[in-house]
Amino acid sequence: MSNFHLEPRPSGAIQKAAEQSLPVTGTEPAGFFTQLKGFWVTFSTMFKKPNTIEYPEVKPEVAPGFHGRHQLNRYEDGLEKCIGCELCAWACPADAIYVEGENNSEGNQISPGERYAKVYQINYLRCIFCGLCIEACPTRALTMTNEYEIADDTREKLIWEKGDLLAPLRAGMLMPPHPMYPESDHHNYYRNEIRESHPSQDTTGGGQSR
Amino acid sequence: MSTQELAIDTTVEMITLTIDGFEVSVPKGTLVIRAAEKLGIQIPRFCDHPLLDPVGACRQCLVEIEVNGRKFPKPQASCTIPVEPGMIVNTQLTSAVADKAQQGVMELLLINHPLDCAVCDKGGECPLQNQAMSNGGEESRFEGTKRTFEKPISISSQVLLDRERCILCARCTRFSEEIAGDPFITLNERGALQQVGIYEKEPFESYFSGNTVQICPVGALTGASYRFRARPFDLISTPSACEHCASGCDMRTDVRRGKTLRRLAGDDASVNEEWNCDKGRWAFKYVNANDRITTPLIRDEGGRLREASWPEALALAAKGLKENRSAVLVGGRVTLEDAYGYSKFARVALKTNDIDFRSRVTSKEERNFLASHVVGTQINYRDLDKADQIVLLGFEAEEESPIVFLRLYKQVRKRELKITAVAPFASRGNKKLKAELIATQAGSEASAISKISNLSNKSVILIGERLSESTGAISAAVTLATSSGAKLAWIPRRAGERGALEAGAIPNLLPGARPVSDSVARVDLQAAWGVSGLPSNPGLDSDEILKEVERGSIRALLVGGVDPLDISPDYQTIMEKAFVVSLEIRHSAVTQIANVVFPVAAVVEKSGTFINWESRGRFFEAAVPDSLSRSDVRILSMLADEMDSSINLPTVSSARDEFNSLGTWHHRESFTPVSGISPSIASDKANLCSWRLLLDAGSLQDGENNLAGTAHPSVAMISKNRADALDVNDGELIRISTSRGQITLPCQIDQIEDGSVWVPRNSANSKVIESLGITSGEVSVVKA
Ligand code: SF4
Ligand code: SF4
Ligand code: SF4
Ligand code: SF4
Ligand code: FES
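Small disclaimer: the values here were computed from a predicted structure and weren't measured. (Residues numbered from 1 in each chain as written. Chains lettered and ligands numbered in written order. Predicted model: local features only at pLDDT ≥ 70, side-chain atom pairs only at ≥ 80, totals over all residues. Heavy atoms only, no water.)

Colleague: Whenever I open this one, the site of ligand 4 confuses me. Can you help?
Modeller: In the vicinity of ligand 4, 13 residues are found, and the nearest of them are Cys166, Cys169, Ala170, Cys172 and Cys216 of chain B. Its residues assigned to classes, the shell around ligand 4 comprises twelve nonpolar, no polar and one charged. (Near = heavy atom within 4 Å. Nonpolar A, V, L, I, M, F, W, Y, C, P; charged D, E, K, R; others polar.)

Following this line, the structure appears as structure tokens:
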């Protein structure tokens with residue numbers, strides 16, 4: 001252990017500091033009672049309730065504000081909230097987010113308004129779960145869930161794509177692309193006035209929540 | 001007049017004033033806002049632009065001003081007021097009144113602003129965002145409903161207008177009117193409804209529309225092809241040079257993850273000022289086309305191209321070039337370094353002077369002119385600024401060198417510079433320049449030029465590459481210049497031609513302006529290169545090279561980025577006879593017949609130098625980092641090694657250094673004038689004339705549909721008399737034909753010289769060389 005060698009300084013300052021910092025005061029073994037004190041800690045713990053959790057069989061609850069993996073949310077009619085603005089990517093101190101915007105076009109309306117995210121990736125090898133991206137998002141598209149089981153066995157799998165991050169469709173939602181709610185524009189969405197999808201938005205003729 | 005220009009003129013009177021307590025002296029006529037800049041004091045502004053006339057439209061630049069002890073009663077717009085002696089200016093930094101006024105203006109501007117920064121392409125580099133932070137209030141007191149407009153409307157296929165975001169600074173409309181001379185956009189309506197609009201009858205088809213996107217201080221004008229592509233922090237910006245023409249624009253290339261997303265005009269007061277043309281700005285997608293060549297290809301016994309390893313391809317190419325008499329076609333798009341590589345390769349490895357960069361109609365007269373009057377000379381944009389008269393010969397400035405056009409237009413607007421053009425009709429560009437037209441049929445330029453008089457030694461004669469198509473015309477221009485003392489400048493169309501000339505990629509010149517026929521120059525170069533002998537006979541021009549290939553005496557060709565159709569309509573049957581080694585970016589007509597193909601780097605992937613028409617070097621570094629593609633010169637060097645006659649140019653910088661160390665030879669070839677001949681056209685036929693439009697079917701514009709959408713439609717131009725004789729109305733189809741083929745286009749009746757018909761040379765439905773086999777001469781014209 002002690003085979004590293006310090007070059008003696010002319011002032012002997014390092015030597016002096018080393019000597020002063022050594023807490024060892026004596027060389028004799030500790031006395032009997034002192035030793036007993038140490039064993040008592042071990043002994044008493046045998047009667048305490050164990051802290052161990054049988055993970056993964058048992059999954060612990062986390063606090064409500066826990067920073068888990070991200071989710072990209074939807075409006076109540078299913079359109080995506082994310083507008084591909086890249087503000088989350090800009091805010092991210094770890095450079096974990098990659099976004100490419102694209103034009104919403106007639107027949108391919110993914111989010112309300114002009115712009116949606118064509119590519120949205122979060123690299124969980126880089127993410128430090130600071131949550132700054134959540135604060136930056138102007139549409140509340142990006143939030144964090146309580147889910148923490150992200151570990152995986154390749155680097156590729158740890159880059160989550162938009163499809164992995166998007167919130168599932170709930171009842172009343174339609175899978176985009178579909179037009180905006182009749183007689184409304186992006187402002188209505190931003191003011192949270194769209195409460196569900198309208199039958200006319202279903203351009204496929206199928207039912208809801210496909 | 002910009003400060004730079006004022007500063008150049010040393011006789012100008014200086015004026016001293018005080019700004020925020022600091023004294024500063026500036027040339028008379030300087031605006032207060034710019035005098036403040038000189039002190040490093042930034043007054044917020046939107047409408048002010050150093051190259052546009054002041055308007056005072058946005059009122060963001062308000063400051064307090066006191067002259068002769070009397071204060072203006074209200075804050076004044078510093079961008080419209082010239083300095084005066086003893087003026088005392090207090091900006092927002094020292095005057096609470098100015099600061100409050102600026103905050104008030106900002107609040108007013110933001111009343112109707114949508115603040116949709118999150119979906120706005122300008123977000124992150126927006127002067128309104130920035131100045132609202134630096135000179136605006138914290139909170140808005142506005143509670144009403146904002147004015148809304150339909151979200152973006154296309155004012156052309158490549159420019160989108162979001163009227164909600166417009167702050168009515170009139171930069172775009174002033175640019176269009178003052179700089180480009182295309183007043184297709186204007187401010188309509190008044191008050192809160194005021195908005196930028198297009199004239200209904202004329203689409204916004206300006207070649208310079210991209211500049212309005214660049215100077216719009218908000219995200220009101222955006223480019224369709226950059227829409228939502230990136231944020232400024234995603235981009236790696238590299239200063240670069242434009243590869244599209246010989247104007248020599250300074251550019252900036254923005255790359256995201258190895259892909260070019262946009263190019264902007266760079267800021268070079270002595271060349272492009274702050275502008276560029278739409279081709280330079282938007283035509284870059286060819287680099288990422290699907291048909292990029294990424295590995296060497298060789299043709300196997302079955303005649304099929306297959307991928308090959310570098311050693312295999314190099315060995316095959318070296319063998320073919322070594323065993324046969326070979327020639328080199330360089331093309332006008334290569335950099336100086338690459339051209340030098342081809343030039344040295346031809347002389348050292350192939351031991352021939354059969355090398356030509358002119359892949360177009362050429363003449364012996366032209367190459368003699370280039371060797372005697374162009375190579376090694378210098379002339380520049382300042383000479384155009386100061387000229388008393390400009391003569392345009394075989395040169396359509398707006399189509400063939402747009403920044404030269406902007407310079408001329410600036411002087412025409414400022415001081416009515418006299419411009420004379422020898423052309424078959426007054427083109428749109430020449431009308432804007434108010435050029436005096438000497439209406440001339442293609443082929444009879446020589447006699448028209450000899451009639452020009454009144455030039456002085458302050459005049460400039462601009463010769464386009466097309467003048468070589470008319471026998472004797474260049475000689476007439478040289479005579480005119482000699483007799484009047486006017487300056488001569490040669491403006492080729494392609495970016496690499498001037499550099500290739502200096503590098504000696506032409507049959508009668510060696511690098512550094514050394515004439516092949518000059519034995520002392522040859523010996524000098526021999527010593528510099530350390531070789532034992534250089535070929536001493538001037539070589540063949542590009543069309544002659546193809547003729548020899550056809551006759552079977554030249555049996556191998558080294559081709560670098562040439563569209564062979566530019567040289568000969570029959571290239572395919574001819575070139576198939578030879579062993580062709582091609583250095584290319586993408587699959588092309590040459591790939592189809594090549595025996596060995598090497599992939600080369602596109603301009604954004606390599607470093608190099610273009611020499612513009614002024615003879616100014618435009619050096620650029622690779623904009624795309626870590627590209628695997630190699631520049632031509634590197635491959636030529638490997639090929640020469642394989643042939644056991646090394647040219648030793650392993651890198652672009654070694655080629656540049658070696659070329660520079662050669663210097664320019666002091667002795668020029670003498671010029672032998674050629675007399676003109678007038679074309680004889682049968683009375684029932686017409687004389688074809690044509691040139692390329694700026695936006696056309698050129699291969700470097702591939703893949704950019706938004707840009708193609710603003711190309712001028714292909715029309716055939718005929719005179720009123722001919723239209724009457726053919727019994728056609730404006731817009732009806734006419735057919736132009738030769739024995740080889742035909743072109744059918746809608747006609748446009750204009751004031752063209754009666755004997756002529758004009759068609760675009762390489763546009764949609766109008767591929768002149770391919771269809772007609774000629775670029776000028778006799779054609780028949782009938783109603784289709
Ligand atoms: S939580 Fe922090 S580190 Fe992770 S993506 Fe968001 S901003 Fe980046
Ligand atoms: S998640 Fe939010 S911040 Fe990120 S791109 Fe989408 S809308 Fe913008
Ligand atoms: S122009 Fe500027 S301030 Fe206006 S929305 Fe765009 S980025 Fe925001
Ligand atoms: S579109 Fe842009 S440049 Fe034109 S007036 Fe509006 S803000 Fe100014
Ligand atoms: S910058 Fe002065 S009024 Fe606009």
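Colleague: Hey, could you run me through the sheet that holds strand β11 (residues 221–223) of chain B in this one?
Modeller: Strands in a sheet are paired, the pairing made by backbone hydrogen bonds, and the direction either parallel or antiparallel. Residues and elements named next belong to chain B. In spatial order, the strands read β7-β8-β11; together these three strands make up an open sheet with antiparallel pairing. Looking at strand neighbours, the two that pair on one side only are β7 (153–154) and β11, the edges of this open sheet. Note that β7 and strand β8 (residues 159–161) share two bridges and pair antiparallel. Residue pairing in the sheet places Ile153 in a bridge with Leu161 of β8. (Pairing = 2+ DSSP bridges. Helix = DSSP H or I, 4+ residues; strand = E, 2+ residues; numbered from the N terminus.)

Colleague: What exactly am I supposed to notice about the pattern of salt bridges here?
Modeller: As a working rule, side chains carrying opposite charge can pair if their charged atoms are close by. If you walk through the whole model with that rule in mind, you get 71 salt bridges over all chains. Measuring nitrogen to oxygen at the nearest pair gives 3.4 Å for the salt bridge that ties Arg256 of chain B to Glu86 of chain A. Of the two residues, Arg256 of chain B is situated in strand β13 (residues 250–256) and Glu86 of chain A in the loop between β1 (70–72) and α3 (87–91); the pairing between them involves two chains. When sorted by exposure, Arg256 of chain B lands in the same class as Glu86 of chain A, which is buried. A salt bridge links Asp566 of chain B to Arg692 of chain B, with the nearest nitrogen and oxygen atoms 3.4 Å apart. With Asp566 of chain B in the loop between β26 (556–560) and α20 (571–575) and Arg692 of chain B in the loop between β31 (686–691) and α24 (705–708), this residue pair connects regions lying 126 residues apart in the sequence. (Salt bridge = Lys/Arg side-chain N within 4 Å of Asp/Glu carboxyl O. Buried < 20%, exposed > 50% of the residue type's maximum accessible area, 1.4 Å probe, protein only.)

Colleague: Just checking my understanding: could you explain helix α18 (residues 519–529) of chain B for this structure?
Modeller: An α-helix turns once per 3.6 residues; consequently, residues spaced three or four apart project the same way. Residues and elements named next belong to chain B. Taken as a whole, α18 has its buried residues at Ala521, Arg522, Leu525, Gln526 and Trp529. All buried residues of α18 lie within an arc of 140 degrees about the axis, which places them on one face of the element. Opposite its buried face, α18 presents the exposed residues Val520 and Ala527, each directed more than 90 degrees away. Buried-residue contacts for α18 involve α9 (336–349), β24 (509–510), β25 (514–515) and α23 (652–662). Among the residues of α18, the N-terminal cap falls to Asp518, whose side-chain oxygen and the backbone nitrogen of Val520 are separated by 3.0 Å. The first or second residue beyond α18 is Gly530, which carries a positive phi of 65 degrees. (Arc of directions from axis to C-beta. Contact = heavy atoms within 4.5 Å. Polar contact = N/O pair within 3.5 Å; in protein donor to acceptor, adjacent residues only side chain to side chain.)

Colleague: Could you clarify how one ought to interpret the interface of chain A and chain B in this entry?
Modeller: One frequent convention defines the size of an interface as the accessible area lost when the parts assemble. Contacts between the two partners involve 14 residues from chain A, matched on the other side by 19 residues from chain B. The three residues of chain A that bury the most area against chain B are Trp90, Glu114 and Arg115 of chain A, which together make up 44% of that side's buried surface. Here chain A and chain B share four salt bridges between them. With its nearest N and O atoms 3.8 Å apart, the salt bridge here joins Glu102 of chain A to Arg229 of chain B. Counting residues per element, the ones that place at least two in the side of chain A that touches chain B are α3 and β2 (97–103) of chain A. At six residues, β2 of chain A tops the list of elements feeding residues into the side of chain A that touches chain B. (Buried area = accessible area lost by both parts, 1.4 Å probe.)

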